[in-house]
Amino acid sequence: MTKRTNRWRRISVLGALALCVLLTSQTRAAWAQDEPRPGRQASAMPRGLEVYQGRVIAQTMHFSGAEWLVRENRESEERCSLMLTNLGVKPGANVCDMGCGNGFYSLQLARLVGEQGQVYAVDVQPEMLYFLRDRADSAGIENISPILGSMYDPRLPRDSIDLVLMVDVYHEFSHPQHMLAGIRRALKPDGVIVLLEYRAEDPDVPIKPLHKMSKEQVDLEMTSNGFKLVESFDELPWQHMLFYGRDEEWTAPDGYPNEAPGNSRPARR
Ligand SMILES: C[S@@+](CC[C@H](N)C(=O)[O-])C[C@H]1O[C@@H](n2cnc3c(N)ncnc32)[C@H](O)[C@@H]1O
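No experiment lies behind these values; they were computed from the predicted model shown.

> Just to check I follow, could you spell out the overall build of the protein for this structure?
Regarding its fold elements, the protein presents 8 helices and 10 strands. Expressed as a percentage of its 269 residues, the buried residues of the protein come to 34%. When contacts within the protein are restricted to residue pairs at least 6 apart in sequence, long-range pairs at least 24 apart make up 73% of them.

Dropping the structure here:
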């Protein structure tokens, strides 16, 4: 074989590889929608915290551990169906599964809101959204809108959400104030956030301390961000289930991140 033929063969192989990479990245971008552009985001990104109101913030759970979220004994350990029965989600509602992971709850929420309702499933790890897509496709569920959020902006449409569910998520926020401000903007006036956090008060809950929160700590952080406790459900084996509504008497302190940083925008629908 001549040197010239060898060179063309090398170019064709490289070309085919480049095409594969391009097609894969286009498919990924289509699902992940407006993935933030790294250069632009870095310049406007507010500084993440390590400690907030005396609480050490936990590391984000990596997507490689996603199987744990759909483990068989999750129902018996956490009584997920009892939680959903007490969530009060109505058919036709717009709900958000914030920090959805691989969509363990998104799929169930999608069934609860029905065809007239919508589930906004937000996560910061695109891989989690791909897992969610596969699970939703296999189940034939079409009323889930995946949103690739940023660490400081949930990128939800304004004034449109009835209920934001956060299961085992809030304690991971590196920008709790920014995230709560973004969620507040997205909630309808009578919308609620429902937080589920493993009970820090209970040493028998077999979860690492950094991934647990006390009721008192949750309340301190939520009230400092313009929310008030409106309801709680105390019958789950491991978790607090706390409902927070907007506190309309609250005034944001100076410098509070009421608006999303300049380069952030709601995801396309
Ligand atoms: C422990 S998992 C819980 C997943 C899901 N809620 C469940 O219970 O099955 C926490 C998830 O929150 C996501 N997360 C962390 N910080 C986030 C943020 N600022 N915005 C959206 N998702 C976030 C992580 O990527 C991870 O998928």
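> Would you mind going over the site of the ligand with me for this structure?
The environment of the ligand is formed by 22 residues, the closest being Leu-69, Gly-99, Gly-101, Phe-104 and Val-167. When contributions to the shell around the ligand are tallied by element, the ones reaching two or more residues are helix 5 (104-113) and strand 4 (118-123). Tallied by class, the residues present in the shell around the ligand amount to 14 nonpolar, 5 polar and 3 charged.

> Would you mind showing me how to read unusual backbone geometry here?
Negative phi is the rule for most residues except glycine; trans is the rule for most peptide bonds. Within the chain, Arg-155 stands out as a residue other than glycine whose phi angle is a positive 60°. Note that Arg-155 resides in the loop between strand 5 (144-148) and strand 6 (161-167). The backbone phi angle of Asp-168 is positive, close to 60°, even though this residue is not glycine. Given 22 C-beta atoms within a 10 Å radius, Asp-168 is considered buried.

> Sorry, what's going on with the confidence of the model for the protein here?
Do not read the predicted coordinates in detail wherever pLDDT is low. Chain-level pLDDT for the protein is 86 on average; 81% of the residues reach the 70-or-more range. Throughout residues 1-42 the model reports pLDDT below 50, and contacts reaching past four residues in sequence, or to other chains, amount to 22 contacts.

> Please explain helix 6 (residues 126-139) as it appears in this structure.
Along an α-helix, residues three or four positions apart point the same way, because every turn accommodates 3.6 residues. Compared with the 20 Å implied by 1.5 Å per residue over 14 residues, the 20 Å span of helix 6 between its first and last C-alpha is a close match. Turning to helix 6, its buried residues are Met-128, Leu-129, Phe-131, Leu-132 and Ala-136. The buried side chains of helix 6 occupy one side of the element, clustering within an arc of 155° when seen end-on. Exposed and oriented more than 90 degrees from the buried face of helix 6 are Asp-134, Asp-137 and Ser-138. One or two positions beyond helix 6, positive phi appears at Gly-140, with a value near 70°.

> Could you clarify how one ought to interpret the nonpolar core in this entry?
Nonpolar side chains in soluble globular proteins generally cluster together in the buried interior. Ranked by size, the top nonpolar core spans 56 residues in total, and within it Val-95, Val-164, Leu-165 and Met-166 carry the most contacts. Apart from the residues lying within four places of it in its own chain, the contact partners of Val-95 are Val-89, Leu-109, Val-113, Val-119, Ile-161, Asp-162, Leu-163 and Leu-165.

> So what exactly am I meant to see when it comes to helix 7 (residues 176-186) here?
Most of helix 7 sits out of view: 9 of its 11 residues are buried. Among all positions of helix 7, only Pro-176, Gln-177, His-178, Met-179, Leu-180, Ala-181, Gly-182, Ile-183 and Ala-186 are buried. The inward-facing, buried residues of helix 7 contact strand 1 (51-52), strand 6, strand 7 (187-199) and helix 8 (215-223).

> Explanation requested: the pairing of strand 9 (residues 227-233) in the structure shown.
A regular strand carries its side chains on alternate faces of the sheet. With 6 bridges joining them, strand 9 and strand 10 (residues 239-246) adopt antiparallel strand pairing. Bridge pairing in strand 10 places Phe-227 opposite Arg-246. Where strand 9 hands over to strand 10, the hairpin turn is made up of 5 residues, counted between the paired strands.

> Is there a simple way to explain the environment of Tyr-130 in this structure?
Here Tyr-130 is to be found in helix 6. Here Tyr-130 falls in the partly exposed class, since 17 other C-beta atoms lie within 10 Å of it. Spatially, the C-alpha atom of Tyr-130 lies 9.8 Å from that of Gly-103, the residues being 27 residues apart in sequence.

> Help me out: how do you make sense of the pairing of strand 4 in this one?
Of all 6 residues in strand 4, 6 are buried, a share of seventy percent or more. The sheet contact formed by strand 3 (residues 94-98) and strand 4 spans 5 bridges and is parallel. Following the sheet pairing, Asn-94 is matched in strand 4 by Gln-118. Regarding the hand of the β-α-β motif, the stretch spanning strand 3, helix 5 and strand 4 is right-handed. Across 5 bridges, the pairing between strand 4 and strand 5 is parallel. Along strand 5, the bridge assignment pairs Val-119 with Ile-144. Assessed by its sense of winding, the connection that carries the chain from strand 4 through helix 6 to strand 5 is right-handed.

> Even after reading the chapter, I still don't get the environment of Leu-210, so can you show me in this structure?
Take Leu-210: it is sitting in the loop between strand 7 and strand 8 (212-213). For Leu-210, a count of 14 C-beta atoms within 10 Å puts it in the partly exposed group. For the pair Leu-210 and Ile-57, spaced 153 residues apart in sequence, the C-alpha separation works out to 7.2 Å.

Rules used throughout
Residue numbers here run from 1 along each chain, matching the order of that chain's written sequence. The model is predicted, so local features are restricted to residues of pLDDT at least 70 and side-chain atom pairs to those at 80 or more, both for listing and for counting; the totals for chains, interfaces and linings are taken over all residues. We count a stretch as a helix when DSSP gives it H or I for four or more residues in a row; a strand needs E for two or more, and each element gets its number in order from the N terminus. Every C-beta atom is placed from the backbone, and the number of other C-beta atoms within 10 Å of a residue's own sets its class: buried at 20 or more, exposed at 12 or fewer, partly exposed in between. A pair of residues counts as a contact when their C-beta atoms, built from backbone coordinates, are separated by no more than 7 Å. Residues are counted as near a molecule or strand when the C-beta atom, derived from backbone positions, lies within 6 Å of that molecule or strand. Only Asp, Glu, Lys and Arg are considered charged, only Ala, Val, Leu, Ile, Met, Phe, Trp, Tyr, Cys and Pro nonpolar, and every remaining residue, Gly among them, polar. pLDDT runs from 0 to 100 and stands for how confident the predictor is about each residue. For a helix, the expected span equals 1.5 Å multiplied by the residue count minus one. The arc under discussion is defined with respect to the helix axis, by the directions toward the C-beta atoms. Here a nonpolar core is just a set of buried residues of the types Ala, Val, Leu, Ile, Met, Phe, Trp, Tyr and Cys, joined wherever their C-beta atoms sit within 7 Å. Pairing between two strands requires that DSSP report at least two bridges joining them. Every crossover in which the path from the first strand over the helix to the second runs clockwise, viewed with the strands pointing away from the viewer, is termed right-handed.

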